[in-house]
Amino acid sequence: MPLIQRKKPPSSPSEDLPDDDDPQKKSHHHKKSNGGADKAKWSCVDSCCWFIGCVCVTWWFLLFLYNAMPASFPQYVTEAITGPLPDPPGVKLKKEGLKAMHPVIFIPGIVTGGLELWEGKQCADGLFRKRLWGGTFGEVYKRPLCWVEHMSLDNETGLDPAGIRTRAVSGLVAADYFAPGYFVWAVLIANLAHIGYEEKNMYMAAYDWRLSFQNTEVRDQTLSRMKSNIELMVSTNGGKKAVIVPHSMGVLYFLHFMKWVEAPAPMGGGGGPDWCAKHIKAVMNIGGPFLGVPKAVAGLFSAEAKDVAVARAIAPGFLDTDIFRLQTLQHVMRMTRTWDSTMSMIPKGGDTIWGGLDWSPEQGYTCSGRKQKSNETRGEESESLVSKTKPVNYGRIISFGKDVAEAHPSEIKNIDFRGAVKGQSIPNNTCRDVWTEYHDMGIGGIKAIAEYKVYTADAVIDLLHYVAPKMMARGSAHFSYGIADDLDDPKYEHPRHWSNPLETKLPNAPEMEIYSLYGVGIPTERSYIYKLNQSPDSCIPFQIYTSAHEEDENSCLKAGVYNVDGDETVPVLSAGFMCAKAWRGKTRFNPSGIKTYVREYNHSPPANLLEGRGTQSGAHVDIMGNFALIEDIMRVATGGNGSDLGDDQVHSGIFEWSERIDLKL
């Protein structure tokens, strides 16, 4: 081949044009032009690949910079922007001369504790003692259906399925971080370490949060191990009583423990009526859903809450469809409905606590999102806000349609669903691939639910019994949601009542203290507007009606959800009522007069990205890094009490709302 070729002379314009009389030339020119168009075409797949590539490259570049920069660089930049940062509570209290005194027991909540595999099916080969829950969640992406199978419990017993054993991770690592970089207890543990705490006087009471509380003892003897560890830590720390720090559902779990430990064997721990008085100095509940959360109803009813509902609205059918045979919401519903613990957080106290068709304790609350003004302007502003926004009927936890949610009670015509006949016909036959109890309702049963129109807290219990009878049959054996008329009635000695503070007495421990510590200032789910799901791909017949929305910034209705004050998960009413009223002083629920304190932490988001999740957050999990909350816990652990903290600290209307509840004390 010659190295230099003679250059071809340029063709004339006439040579480029096809000869109308020559079909071959015309065809060749057409293909040539089409080929150029095909090369220039940019497909949707190309765009997706390009986007994913950009995200990955950006992520790895930022990760490289993060690991390459000095450890002090984020603090340096933050201080340059906001000024010097305050000392962490551990450093501050160490300078004051405070040292470790009382042993501290941590009790994690639902989903924040790690779970690992001890025995599994063939699809789980290689996962022995690897985390299925917590950590990187890598198995969710690698083998999703296998992961769902091993995270589910038996639908009849609520215990292990045959051939599967998934167990709680033990030690402080069980819940220090939920995922890499996402702390839960780690910040509190690190601050306690500054003043001398270590594993000999700190204990993470990890448990399998999927199980009912009594079943954690039946299967794993978790309650017995907690009792033994508390006794050991008290005896090895000079007899100093323990400070208990439960978070979220762990608050209900420890309520159950306090009844269990004093109850006679074999149903209880046999510790005697004075065990709590001998071993517990204080119970410092963080974000406690004492009276349940409406969010649990939405999760059990349609496998969604506010965020999932918005995602379904943005991408209709994506979570419902059968793409790759991953019917996401159906699998989530099937899995979570085997977790008996979720039923512990169904709202308790019925209409007496949560309100009815025409009233609620939080009536008049406005979601202005504005900071409080001075006393001179506050009254005028609050009047204008109330006049411009529509009154909210928070007592209607589920309403089918925005018009029903806003209607006068006399205009609502209910058709009772309780006697409706269920059928076998369902809108989508492919739903049989992922069984949920909606398959047994039929079209008639689904229609009856919608025609009842509105559900208060009392009716919600009947609703769940109707749509998920097997699940609620298991749940009713372990949990109860009423208010006791006579707490001395022997029926309340059954373990199903022990986690309901409205059906039990606090222990006889007058020197013990109980704190309710929680965040405020964040819109929190309180009630929902629903609609029938008409999607042919959906196997869940109901969904939150995200188009129900108010443009007014002061409105509490956003994307089908009515919000109130809270920590984004637990409304103020549930977190604060027991310590604000039902347990305040000597009452029938608190016969020994244990002192109670309400400590609220107003939410303040981080000033910049380098602050991470912030040190003044009031969000349900992020509050675990709140410096003020950590300092309160540490002062009590080092010998302080409620008076040393300044007694109550309140930013919400909890005391006013509590007074509106007519509960016999």
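For the structure itself, consult the block above.
Presented here is a report on the structure given in the accompanying data block. Small disclaimer: the values here were computed from a predicted structure and weren't measured.

## A word on the packing of aromatic side chains
Next up, step 1: Using the criterion set out here, one finds 26 aromatic pairs in the structure.
Next up, step 2: For the ring pair F213 and Y253, a centre distance of 5.4 Å and an interplane angle of 70° mean the geometry is edge-to-face. Of this pair, F213 sits in helix 9 (residues 213-220) while Y253 is found in helix 11 (residues 249-262), placing the two residues 40 residues apart along the sequence. Of the two residues, F213 and Y253, both sit in the buried class.
Next up, step 3: Here F400 and F542 contribute two aromatic rings whose centre-to-centre distance is 5.7 Å and whose plane-to-plane angle is 75°, an arrangement assigned as edge-to-face.

## Some details on the side chain of T336
Next up, step 1: For T336, the location among the structural elements is in helix 15 (residues 328-336).
Next up, step 2: Exposure remark for T336: the relative accessible area of 17% places this residue in the buried category.
Next up, step 3: From its side chain, T336 meets the backbone oxygen of V332 in a polar contact 2.8 Å long.
Next up, step 4: For T336, the side chain forms a polar contact with the main-chain oxygen of M333, separated by 3.5 Å.

## Concerning unusual backbone geometry
Next up, step 1: Across the junction of A265 and P266, the peptide omega takes the value 5°, indicating a cis bond.
Next up, step 2: Take P266: it is sitting in the loop between helix 11 and helix 12 (275-279).
Next up, step 3: Notably, A303 is not glycine yet its phi reads approximately 55°, a positive angle.
Next up, step 4: Residue placement: A303 occurs in the loop between helix 13 (294-302) and helix 14 (306-314).
Next up, step 5: Given the relative accessible area of 9%, A303 is considered buried.
Next up, step 6: For A559, which is not glycine, the phi torsion reads 55° and is therefore positive.
Next up, step 7: Along the chain, A559 falls in the loop between strand 15 (557-558) and strand 16 (561-566).

## What about helix 21 (residues 469-476)?
At 3.6 residues per turn, the α-helix brings residues three or four places apart onto the same side.
Next up, step 1: Within the sequence span of helix 21, burial applies to M471, M472, R474 and G475. The buried residues of helix 21 occupy an angular sector of 155° when projected down its axis, which confines them to one face.

## With respect to the state of the cysteines
Next up, step 1: Summed over the entire model, instances satisfying the criterion amount to two disulfides.
Next up, step 2: A disulfide bridge connects C367 with C556, and the sulfur atoms are separated by 2.1 Å. As the torsion about the S-S bond is roughly 105°, the C367-C556 disulfide counts as right-handed. Taken together, the positions of C367 in the loop between helix 16 (350-354) and helix 17 (375-388) and C556 in the loop between strand 14 (542-544) and strand 15 put the pair 189 residues apart, joining distant regions of the chain. Each member of the pair, C367 as well as C556, carries the same accessibility label: buried.
Next up, step 3: As a non-bridged cysteine, C54 has C56 as the owner of its nearest cysteine sulfur, 9.4 Å distant.

Basis of the calculations
- Residues numbered from 1 in each chain as written.
- Predicted model: local features only at pLDDT ≥ 70, side-chain atom pairs only at ≥ 80, totals over all residues.
- Heavy atoms only, no water.
- Phe/Tyr/Trp six-rings, centres within 6.5 Å; stacked < 30°, edge-to-face > 60°.
- Helix = DSSP H or I, 4+ residues; strand = E, 2+ residues; numbered from the N terminus.
- Buried < 20%, exposed > 50% of the residue type's maximum accessible area, 1.4 Å probe, protein only.
- Polar contact = N/O pair within 3.5 Å; in protein donor to acceptor, adjacent residues only side chain to side chain.
- Arc of directions from axis to C-beta.
- Disulfide = S-S within 2.5 Å.

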